Amino acid sequence: MPNFLQQIKGRFPTVHLAAISICGVILSITLLLLPSEEVSATKSNLQTVQTSTNTTHAGSVDQTSQRVRKSIVLDLARPTSSLPENQRDAATFTPAPETDVTTALLQPTENWISYTVQKNDNLTSLFKRAGLNARDVYNISQATKHDNELSRLYPGESLAFLIEEASLKKLKYEISPLKTLLIELIDNKFAVNTIERTPVTKEHYIEGVIEGSLFVDAERAGLSNNMIMQFASIYGWDIDFSQDIRKGDSFRIIYNEQFLDGKKISDGHIVAAQFINNGENLTAIRYTDSEGSSSYYTPDGHSMRKAFLRMPINFARVSSRFNLSRKHPVLNKIRAHKGVDYAASTGTPIKASGDGKVIWKGNKGGYGRTIIIQHGSNITTLYAHMSKYNKKLKKGSRVKQGQAIGYVGKSGLATGPHLHYEFRVNGAHKNPMTVKFPHASPVPKKELVAFGEVASQMKNQFKTYAATLYARAN
Ligand SMILES: [Zn+2]
């Protein structure tokens, strides 16, 4: 994955780097947290989504005007046949404006005045600008103290006030495009309501053929950076996109774009994808289980994820490989190196490579501060030379894949700060860089029928979309 990110970095003008590295961070987070990566509409990721969307839009207009696309964007939700031939691929979808309760609530014929949050603004300064006093600030703070929704205002956001006869009647604050806080004076008390909106989703299909790199060809096909990242993170457990892809490999992606008031607010997420790699069809289906957590599975219900991360650390380089006849740098004699060393700066977080239970936390001779995790009945992983542990962990604690368990250091016998990482199967040391990992948990047995329906529906969708594209091209 780091290679893939570097590849992307190399391709982009510096202006876009910020957005991409945020995507990169989100990607790594997603990799760690896939089961619960449900779109959480936090401010930062909405902004990122928008940034990358804009970037890509500019790109795809260029591609369209050149008319040399190897792949076509198809939108079956829209009657494309009515459009002139040269506008079909680039046409923008404009859903009918929604007239729902929310819109009615927020756009009455009242005299709202809106103030934009500036740098260093707080509730007091904004209220002052609106002609309100400290008493009003106090009342609103009291009303919102439970969830503290107004405690962090970001520059560029806005607060809207409804003031009648010099007193505050209503206040509204758009937390995100999908969530607005409405505070209303009712019977001399401020009542707080959160108004949630549901975006209109539109299914989108894109396919393409790899000529050079996934990034270049997927972008040419019309995928945004964010979507390419999603795609790469689904397949990243099995495929190294800088090494394993072949000219002629192809991809098909179905995703749900989200619109609000006719404006695209997000790419949404991939609902199904196919990647034909070296002749092998790798299909991934998104499925949300009865507990509400979403993940990607093969059509027969196996997880696309692996039970272990290949590297339990980011921002590190391999400084010493698994080697059973290595000369030890400190002891200066032949001593097997039964793990991998990752050099990284002191304090870099070390992640549990899989779900499991802490069975050792403490000093362990030359290993220094060490944690050992038991995964299932026959696998253990060991993390040595830590500077500190995650304070919350103790012997017996359950850990999740990707959770920080400690921090890089050089405790024990170490020449510099690094993580020494071991992987044992039935007590025998295996090379963590090459050992075959089992898949993460499959679709729960009791949900296989429901999953099967989703999977076969997606299979049909791929067929329909591909046939429509084929018919259109001939
Ligand atoms: Zn080592």
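Residues numbered from 1 in each chain as written. Predicted model: local features only at pLDDT ≥ 70, side-chain atom pairs only at ≥ 80, totals over all residues. Heavy atoms only, no water.

An unreviewed UniProt entry lists the protein chain under the name Peptidase M23, with Neptunomonas japonica JAMM 1380 given as the organism. The protein chain has a UniProt comment under Subcellular location (unreviewed entry) that states "Cell envelope". Note on the protein chain: under the UniProt heading Cofactor (unreviewed entry), the record states "Zn(2+)". (UniProt positions renumbered as here; feature names shortened; annotations may be inferred.)

Located in the positive-phi region is asparagine 120, a residue other than glycine, with phi close to 70°. Non-glycine residue asparagine 148 carries a positive phi angle of around 55°.

Attention now goes to the pattern of salt bridges. One pass over the structure, following the stated rule, counts 13 salt bridges. Put simply, lysine 170 and glutamate 184 hold a salt bridge, and the shortest N to O gap is 3.7 Å. With lysine 170 in strand β4 (residues 167–176) and glutamate 184 in strand β5 (residues 179–186), the pair connects residues that are 14 residues apart, well separated along the chain. Given a relative accessible area of 16%, lysine 170 falls into the buried group. Residue glutamate 184 is classed as buried on the basis of its relative accessible area, which comes to 19%. Salt-bridge contacts for lysine 247 lead to glutamate 211; the nearest nitrogen and oxygen are separated by 4.0 Å. Taken together, the positions of lysine 247 in the loop between α8 (225–235) and β8 (250–260) and glutamate 211 in the loop between β7 (200–209) and α7 (214–221) put the pair 36 residues apart, joining distant regions of the chain. (Salt bridge = Lys/Arg side-chain N within 4 Å of Asp/Glu carboxyl O. Helix = DSSP H or I, 4+ residues; strand = E, 2+ residues; numbered from the N terminus. Buried < 20%, exposed > 50% of the residue type's maximum accessible area, 1.4 Å probe, protein only.)

What follows concerns the pairing of strand β16 (residues 356–363). Bridging between β16 and strand β19 (residues 398–399) involves two bridges; their strand directions are antiparallel. Its bridge partner being in β19, lysine 357 is matched across the sheet by arginine 398. Bridge count between β16 and strand β17 (residues 369–375): six bridges; the pairing is antiparallel. Among the inter-strand pairings, valine 358 is bridged to a residue of β17, identified as isoleucine 373. Between β16 and the antiparallel strand that follows it, β17, lie five residues; glycine 365 among them carries a positive phi value of about 55°. (Pairing = 2+ DSSP bridges.)

It is worth spelling out the coordination of the zinc ion at this point. Looking at the metal site, the zinc ion is ligated by His337 (NE2), Asp341 (OD), Asp341 (OD) and His420 (ND1), spaced 2.0 to 2.8 Å from it. Spacing between the donor residues of the zinc ion along the chain follows H-x3-D-x78-H. Of this pair, aspartate 341 sits in strand β14 (residues 340–343) while histidine 420 sits in strand β21 (residues 418–425); the two residues are 79 residues apart in sequence, bridging distant segments of the chain. Like aspartate 341, the residue histidine 420 is buried in the burial classification. (Donors = N, O, S within 2.8 Å, 3.2 Å for Na, K, Ca; no water.)

Next up on the list: the sheet that holds strand β2 (residues 112–116). Taken in spatial order, the five strands of this open sheet run β2-β3-β4-β5-β6, and their pairing is antiparallel. The two strands at the open ends of the sheet, each matched to only one other strand, are β2 and β6 (189–196). Averaged over all pairs of adjacent strands, the angle between their axes in this sheet comes to 20°, without regard to strand direction. Alignment of β5 against β6, held across eight bridges, turns out to be antiparallel. Bridge pairing in β6 places leucine 182 opposite asparagine 193. Strand contacts of helix α6 (residues 134–143): β4, β5 and β6, with the helix running at about 55° to β6, the strand carrying the most contacts. (Axes fitted to C-alpha atoms, helices over the stretch in contact; angles between N-to-C directions. Contact = heavy atoms within 4.5 Å.)

Our focus in this paragraph is α7. Every α-helix carries 3.6 residues per turn, so stepping three or four residues along brings you back to the same face. Taking burial as the measure, the eight residues of α7 include six buried ones, the bulk of the element. Of the residues making up α7, those classed as buried are Leu214, Phe215, Asp217, Ala218, Glu219 and Ala221. With its phi angle positive at about 110°, glycine 222 sits one or two positions after the end of α7.

This part takes up the pairing of strand β20 (residues 404–408). Summarising the sheet, strand β15 (residues 349–351) and β20 pair through three bridges and their orientation is antiparallel. Along β20, the bridge assignment pairs proline 349 with tyrosine 407. Pairing of strand β18 (residues 379–389) with β20, which is carried by three bridges, proceeds in the antiparallel orientation. Its bridge partner lying in β20, lysine 388 is registered against tyrosine 407.

Mapped onto the elements of the fold, asparagine 122 is located in the loop between β2 and α5 (123–129). C-alpha separation for the pair asparagine 122 and tyrosine 154, spaced 32 residues apart in sequence, amounts to 9.2 Å. Polar contacts involving the side chain of asparagine 122 include one to the main-chain amide nitrogen of serine 125, which spans 2.8 Å. (Polar contact = N/O pair within 3.5 Å; in protein donor to acceptor, adjacent residues only side chain to side chain.)

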